[in-house]
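Reading the structure
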Amino acid sequence: MMASPADLSDHSRRRFLAGVGAAAGLGSLASTVTLLRLAEARAPGEAATSAERWGLLVDTAKCASGCDACVRGCANEHGWAAGTGRAATDAQWIRKVDVRDAVRGRAFSLPLMCQHCDDPPCVDVCPTGASFKRADGIVLVDKHTCIGCRYCMMACPYKARSFIHEDLSNQKSYSPRGKGTVESCTLCVHRIDEGAGRAPACVEACDDAGHGAIVFGDLNDPDSGISTALASRESSEIRADLGLDTGVRYAGF
């Protein structure tokens, strides 16, 4: 029997309701055994550990309004629809958002995706444990145990998750999906688990477009490119007031 919000613990219920409110304020792996092992595998025979925490740093000063290279790169990598003609119910793992600072009058363009929180609300409210966080900080969905209740979608303050309504075809072997389940950005975990922390598709696409607005790396390594960039300039979390300790940071606000 599916759990309801009333069946959740007091802590989970508070987080569930807070997530719903935050999502409203913002406006507007899978069908194979491979996904079950993503929680453990970083490379063949090697488990993911907390020694690493993968993340992104987005430089909004370099992110061009009207450019959707990161969105197209993600869509091509994982096989979800993007661009002109996409149905309203299509999945969207990453989207471009234009933001204006009402006080200073400055406008920004930025990509918004799963923020890979250290304390993810989606994991907190999931009644089956399908939403989980790996030891290296990557937040994923186990399609074998996802029942499509969409509690996680309501709890996410970033509106970063999508529900798969349509029949699927021509899926990517490394990124299996499933009708009736929820999905979101995986930080291209299949690339990371190939070894050496290969950058996600959105990062490569942004670099190929000549912007270089997204830096990927290990937040736990003080010598990594992302850590040195964070140490040299001010950065922010979206909805830092929620205390989620996101793995995606933004600079240039």
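Okay, so let's go over this structure. Just so you know, these numbers come straight off a predicted model, no measurement behind them. (Residues numbered from 1 in each chain as written. Predicted model: local features only at pLDDT ≥ 70, side-chain atom pairs only at ≥ 80, totals over all residues. Heavy atoms only, no water.)

A few words on the packing of helix α3 (residues 69–78) against helix α7 (residues 201–208). The contact between α3 and α7 brings their axes to 8 Å, and the two run at 135°. Judged on the interaxial angle alone, α7 and α3 are oblique. For the pair α3 and α7, the crossing hand works out as right-handed. Along its contact with α3, which presents A69, C70, G73, C74 and E77, the element α7 presents A201, C202 and A205. Here the residues of the contact of α3 with α7 sort into 6 nonpolar, 1 polar and 1 charged. (Axes fitted to C-alpha atoms, helices over the stretch in contact; angles between N-to-C directions. Helix = DSSP H or I, 4+ residues; strand = E, 2+ residues; numbered from the N terminus. Parallel < 35°, antiparallel > 145°, perpendicular 65-115°, else oblique. Left-handed = near helix turned anticlockwise from the far one by under 90°. Contact = heavy atoms within 4.5 Å. Nonpolar A, V, L, I, M, F, W, Y, C, P; charged D, E, K, R; others polar.)

Moving on to the nonpolar core. Considering soluble globular proteins, one finds that nonpolar side chains tend to be buried as a cluster. Ranked by size, the top nonpolar core spans 46 residues in total, and within it L56, W80, I94, I214 and Y250 carry the most contacts. Top element by residues in this core is α3. It accounts for 4 residues. Ignoring any residue separated from it by four or fewer positions in sequence, one finds Y250 in contact with L57, V58, T60, L110, P111, L112, M113, Q115, S235, S236 and I238. (Core = buried A, V, L, I, M, F, W, Y, C linked by side-chain atoms within 4.5 Å. Buried < 20%, exposed > 50% of the residue type's maximum accessible area, 1.4 Å probe, protein only.)

Overall, mixed pairing links the 4 strands, which are arranged β10-β3-β12-β11 in an open sheet. This sheet does not close on itself; its edge strands, each paired only once, are β10 (214–218) and β11 (235–236). As paired elements, strand β3 (residues 54–59) and strand β12 (residues 248–251) share 4 bridges and run parallel to each other. By the bridge assignment for β12, V58 is matched with Y250. (Pairing = 2+ DSSP bridges.)

A few words now on α3. Turn by turn, an α-helix covers 3.6 residues, leaving residues three or four places apart pointing in a common direction. When you tally the buried positions in α3, you get 8 out of 10 residues, the bulk of the element. Every buried residue of α3 is listed here: A69, C70, V71, G73, C74, A75, E77 and H78. Tucked inside the fold, the buried residues of α3 contact β4 (94–100), β5 (107–113), α6 (189–192), α7 and β10. Where α3 ends, the next residue or the one after it, G79, has phi of about 85°, a positive value.

By secondary structure assignment, the location of T246 is in the loop between β11 and β12. Of the residues examined, T246 reaches a relative accessible area of 0% and is grouped as buried. With near-sequence residues (within four places) excluded, T246 lies in contact with R53, Q115, H116, C117, Y158 and E237.

The next thing to look at is the environment of G148. When you line up the elements, G148 lands in the loop between β7 (139–141) and α5 (151–155). Classification of G148 as buried rests on a relative accessible area of 10%. For the pair formed by G148 and T181, sequence separation is 33 residues and the distance between their alpha carbons is 4.7 Å.

Right, let's get into the side chain of E183. With respect to the element layout, E183 can be found in strand β9 (residues 182–183). Residue classification places E183 among the buried residues on the basis of a relative accessible area of 3%. A distance of 2.7 Å separates polar atoms of two side chains, one belonging to E183 and the other to R177. Setting aside residues up to four positions removed in sequence, E183 forms contacts with A91, W93, K143, A160, R161, S162, I164 and R177. (Polar contact = N/O pair within 3.5 Å; in protein donor to acceptor, adjacent residues only side chain to side chain.)

It is worth spelling out the packing of aromatic side chains at this point. In the structure shown here, the tally under the stated rule is 1 aromatic pair. Centre to centre, the rings of W54 and F216 are 5.3 Å apart; their planes meet at 15°, and the pair counts as stacked. Note that W54 is positioned in strand β3 and F216 in strand β10, a separation of 162 residues in sequence. Among the residues examined, W54 registers a relative accessible area of 6% and is labelled buried. In this structure, R150 packs its charged tip against the face of F163, placed 3.8 Å from the ring centre. (Phe/Tyr/Trp six-rings, centres within 6.5 Å; stacked < 30°, edge-to-face > 60°. Lys NZ or Arg CZ within 6 Å of the ring centre and 35° of its normal.)

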